[in-house]
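# Remarks on the overall topology
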Amino acid sequence: MSDYIHGYALDEQARLVAQADYWRERLILREVNFAEGDAVLELGCGVGAVLGILGQAYPSLKLAGIDLQPTQIDYAKQYLAALQLTADLRVGDASQLPWPDSQFDQVSTTWFVEHLPRPELALQEAYRVLQPGGQLSLTEPDYMTIKIWPDNRDYRYLISGLCDLLSQAGGSPALGRRLGPLLESVGFCEVQNRAWGYHYFQTVTNQELKLFVEYVEGWLAPAVPQMVQKLGRDPKRLAAGLDCFRQLPQQPEGAVTVTIYRATGQKPLQG
Ligand SMILES: C[S@@+](CC[C@H](N)C(=O)[O-])C[C@H]1O[C@@H](n2cnc3c(N)ncnc32)[C@H](O)[C@@H]1O
């Protein structure tokens, strides 16, 4: 995954922890459905930030995670140990899982399958390691849906650059919209693919817009130099687009909307 757009620097690892914390109640713990003692595997677990949130909220879970990058797993081991959580953490490819069949009650992914050139391979493996009746849950964004007000051409240029960068690296910026048929094609039943809208607007009574803008800027700004180098995009327009985004909390009518998808499917009880 040499083109992985977020990279593996230490500040990116800390960003993943902050990102999961931002989405803790808003998304990660939203409509989850764990039973006492469930065995839960996260594919593309990164630094263990999401596993940490699940383990803190549901201490009886048996946690496991896999990531391609040894540095992510090293971080995850230390991070989860500091939270006094234990987890079976492995370095490896989600399309070739090292666990035997039917090991897990739940498999989940967050901000992960969007990066895969062939997401169906990881989903087939998720299917294999799930027990009959077990559930797969995917939480993925749709970068094309990040809209702002006031609208701005340079901002649109920037966000289309982000989508092209992800596509060039083999990912799918709008994968969230396609998750339902993808899960069915792998054999999952009871498939749902829900779109959750998040809308933040300028108000004197809360900081939600400012917080969201700061959060997005944390991963959008580091991608800008890659848009120049890898896609030949105009650095001035990208900088103007980013500046416009940063200024939203100072705009009297500033607002951002994004759609995030949650898809779930069950492994049939009888194959
Ligand atoms: C954006 S991070 C998300 C991490 C975590 N899910 C979170 O929300 O904090 C995506 C992770 O997927 C990992 N990854 C990419 N391709 C992979 C693969 N084929 N198998 C396992 N992990 C992979 C990357 O190394 C990276 O840590």
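Structural notes, computed from the coordinates.

So, how was this worked out
- Residues numbered from 1 in each chain as written.
- Predicted model: local features only at pLDDT ≥ 70, side-chain atom pairs only at ≥ 80, totals over all residues.
- Heavy atoms only, no water.
- Helix = DSSP H or I, 4+ residues; strand = E, 2+ residues; numbered from the N terminus.
- Rg over C-alpha atoms; globule rule 2.2 N^0.38 Å.
- Buried < 20%, exposed > 50% of the residue type's maximum accessible area, 1.4 Å probe, protein only.
- Areas by Shrake-Rupley, 256 points an atom, 1.4 Å probe, with all protein chains shown as cover.
- Lys, Arg positive; Asp, Glu negative; His and termini not counted.
- Charge placed at Lys NZ, Arg CZ, Asp CG, Glu CD.
- Phe/Tyr/Trp six-rings, centres within 6.5 Å; stacked < 30°, edge-to-face > 60°.
- Expected span 1.5 Å × (residues − 1).
- Arc of directions from axis to C-beta.
- Axes fitted to C-alpha atoms, helices over the stretch in contact; angles between N-to-C directions.
- Left-handed = near helix turned anticlockwise from the far one by under 90°.
- Contact = heavy atoms within 4.5 Å.
- Nonpolar A, V, L, I, M, F, W, Y, C, P; charged D, E, K, R; others polar.
- Salt bridge = Lys/Arg side-chain N within 4 Å of Asp/Glu carboxyl O.
- Pairing = 2+ DSSP bridges.
- Right-handed = clockwise from strand over helix to strand, strands pointing away.

Let's shift gears to the overall build of the protein. Scanning the protein from N- to C-terminus turns up nine helices and eight strands. The globule rule puts the C-alpha radius of gyration for 271 residues at 18 Å, and the 19 Å found for the protein is close to it. Counting the 271 residues in the protein, one finds 52% classified as buried. Carbon and sulfur atoms make up 50% of the accessible area of the protein, which amounts to about 12,400 Å² in all. Once the 23 positive and 31 negative side-chain charges of the protein are each reduced to a mean point, those two points are 4 Å apart.

Another aspect to go through is unusual backbone geometry. Cis geometry marks the peptide bond from Trp149 to Pro150; its omega dihedral reads 0°. Here Pro150 is to be found in the loop between strand S6 (147-149) and helix H5 (153-168). A positive phi is found at Glu31, a non-glycine position, where the angle reads about 50°. Within the secondary structure, Glu31 is located in the loop between helix H1 (10-28) and strand S1 (39-43).

Right, let's talk about the packing of aromatic side chains for a bit. For the coordinates displayed, the defined rule picks out 16 aromatic pairs. Measuring from ring centre to ring centre gives 5.7 Å for Tyr155 and Phe245, while their planes differ by 10°; the resulting arrangement is stacked. Highlighted residues: Tyr155 in helix H5 and Phe245 in helix H9 (residues 235-246), separated in sequence by 90 residues. Both residues of the pair, Tyr155 and Phe245, count as buried. Residues Phe212 and Tyr215 carry aromatic rings whose centres are separated by 5.9 Å and whose planes lie at 55° to one another, so their mutual orientation is tilted. Linking Phe212 with Tyr215, this pair stays in helix H7 (residues 208-220), spanning three residues, or about one helical turn.

All right, on to helix H3 (residues 70-82) then. A rise of 1.5 Å per residue sets the reference length of H3, with its 13 residues, at 18 Å; its end C-alpha atoms lie 18 Å apart and thus fit the reference within 8%. Those residues of H3 lying buried are Gln72, Ile73, Ala76, Tyr79 and Leu80. The arc that holds every buried residue of H3, seen down its axis, measures 125°, which confines them to one face. Summarising the geometry of H3, the exposed residues directed more than 90 degrees from the buried face are Gln78 and Ala82.

Moving on, we get to the packing of H5 against helix H8 (residues 224-231). In the contact formed by H5 and H8, the axes pass within 10 Å of each other and the chain directions differ by 65°. As for how H5 packs across H8, the hand of that crossing is left-handed. Along the contact surface, H5 presents Leu158, Gly161, Leu162, Asp164, Leu165 and Gln168, while H8 presents Val224, Gln226, Met227, Lys230 and Leu231. The residue inventory of the contact of H5 with H8, partitioned by class, reads six nonpolar, three polar and two charged.

Now for the side chain of Ser108. Residue placement: Ser108 occurs in strand S4 (residues 104-110). Beyond its immediate sequence surroundings of up to four residues, Ser108 is in contact with Leu41, Glu42, Leu43 and Ser137.

This next bit is on the side chain of Glu42. Mapped onto the secondary structure, Glu42 falls in strand S1. The charged side chain of Glu42 is buried without a salt bridge, its nearest counter-charge being Arg262 at 11 Å. The contacts of Glu42, once residues within four sequence positions are left out, are Val50, Leu51, Ala64, Gly65, Ile66, Ser108 and Thr110.

Two elements, S4 and strand S5 (residues 130-141), share six bridges in a ladder whose sense is parallel. The partner of Val107 across the bridge, within S5, is Leu136. After leaving S4, the chain enters helix H4 (residues 119-129) and then returns to the sheet as S5, a path that is right-handed.

Another aspect to go through is the pairing of S4. Along S4, six of the seven residues are buried, which leaves the element largely enclosed by surrounding structure. For S1 and S4, the ladder comprises three bridges, and the chain directions are parallel. Residue Glu42 lies in a different strand from S4, and its bridge partner there is Ser108.

On to H7. Within an α-helix, residues lying three or four positions from one another point in the same direction, as the helix has 3.6 residues per turn. Compared with an ideal rise of 1.5 Å per residue, which puts 13 residues at 18 Å, H7 spans 18 Å between its outermost C-alpha atoms and is within 8% of the ideal. Restricting attention to buried positions, one finds in H7 the residues Leu209, Phe212, Val213, Tyr215, Val216, Trp219 and Leu220. Seen from one end, H7 has its buried residues packed into an arc of 165°, which puts them on one side.

With that settled, consider the pattern of salt bridges. Any two side chains of opposite charge can pair, so long as their charged atoms come close to each other. According to the stated counting rule, one finds 13 salt bridges in the structure shown. Linking Asp151 and Arg156 is a salt bridge whose minimum nitrogen-to-oxygen distance equals 3.1 Å. Of the charged contacts, one joins Asp154 and Arg237 as a salt bridge, the two residues approaching to 2.8 Å between their closest N and O atoms. Here Asp154 is found in helix H5, whereas its partner Arg237 is found in helix H9, with 83 residues between them in sequence. A relative accessible area of 22% places Asp154 in the partly exposed class. Judged by its relative accessible area of 27%, Arg237 falls in the partly exposed class. Within this structure, Asp101, Glu125 and Arg128 form a network of salt bridges that share partners.

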